[in-house]
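The primary structure of each chain is shown beneath.
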Amino acid sequence: MDRITIEFAELDGSLEGGDLVVLVGDDLAVGPEAERLRPGLGALIRRAAAAERFKGKAKAVLAIPAPDGMAGIDRVLVLGTGPAAERGALDWKGVGGILAARIGGRSATLLAEMPDAPDGGAALADLVLGARLRAYAFDRYKTKKKKDDEPDAETARLAVRVGDAAGARARD
């Protein structure tokens, strides 16, 4: 059973609500779209990173409650991609798995501004594949739960905002 729904859309300034996921390297710089959505977001991330000793290492995650001015956003998830020199060897599927684990059954918008990715399209495809793999559950042969038992895991929703949504859909 697929417990995540992934949609691709253009970087148009709109947000889906829930979590906002921003990718940063070890320099903690955000992309231009993230800064346009919320001016000062880069400075906020750097302040929170200093307080939490977050260095932007590959696969590290920093969760920040959403600042004022971001209606509908609950928190900002900052996902580290490590140093630029090592990004070519980064396990993007693992990054996607960590992302899916952190959003759980919630909704999230990923700003797919891939900092210095060697092939941004392939890296994004691997990230989405990792998220799908992490969210998958094979429960065909499990006993059906009764209504009084705990509820089933909710389906997460990941809206991936990219510069070329049609090209990203073709790779998915």
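Description of the structure in this document. (Residues numbered from 1 in each chain as written. Predicted model: local features only at pLDDT ≥ 70, side-chain atom pairs only at ≥ 80, totals over all residues. Heavy atoms only, no water.)

Our focus in this paragraph is the pairing of strand β4 (residues 73-80). Burial of β4 is extensive: seven of the eight residues sit out of reach of the surface. Where strand β2 (residues 18-24) and β4 come together, seven bridges link them in parallel fashion. Bridge pairing links Val 24 to Gly 80 in β4. In this sheet, β4 lies alongside strand β3 (residues 61-65) in antiparallel orientation, the contact comprising five bridges. What sits directly across from Ile 64, in β4, is Val 76. (Buried < 20%, exposed > 50% of the residue type's maximum accessible area, 1.4 Å probe, protein only. Helix = DSSP H or I, 4+ residues; strand = E, 2+ residues; numbered from the N terminus. Pairing = 2+ DSSP bridges.)

Here we come to unusual backbone geometry. Even without being a glycine, Leu 28 presents a positive backbone phi close to 60°. Within the secondary structure, Leu 28 sits in the loop between β2 and α1 (32-37). On the basis of relative accessible area, Leu 28 is assigned to the buried category, the value being 12%. A positive phi angle, close to 60°, is found at Arg 53, a residue other than glycine.

Purely spatial values, then, with no claim about function.
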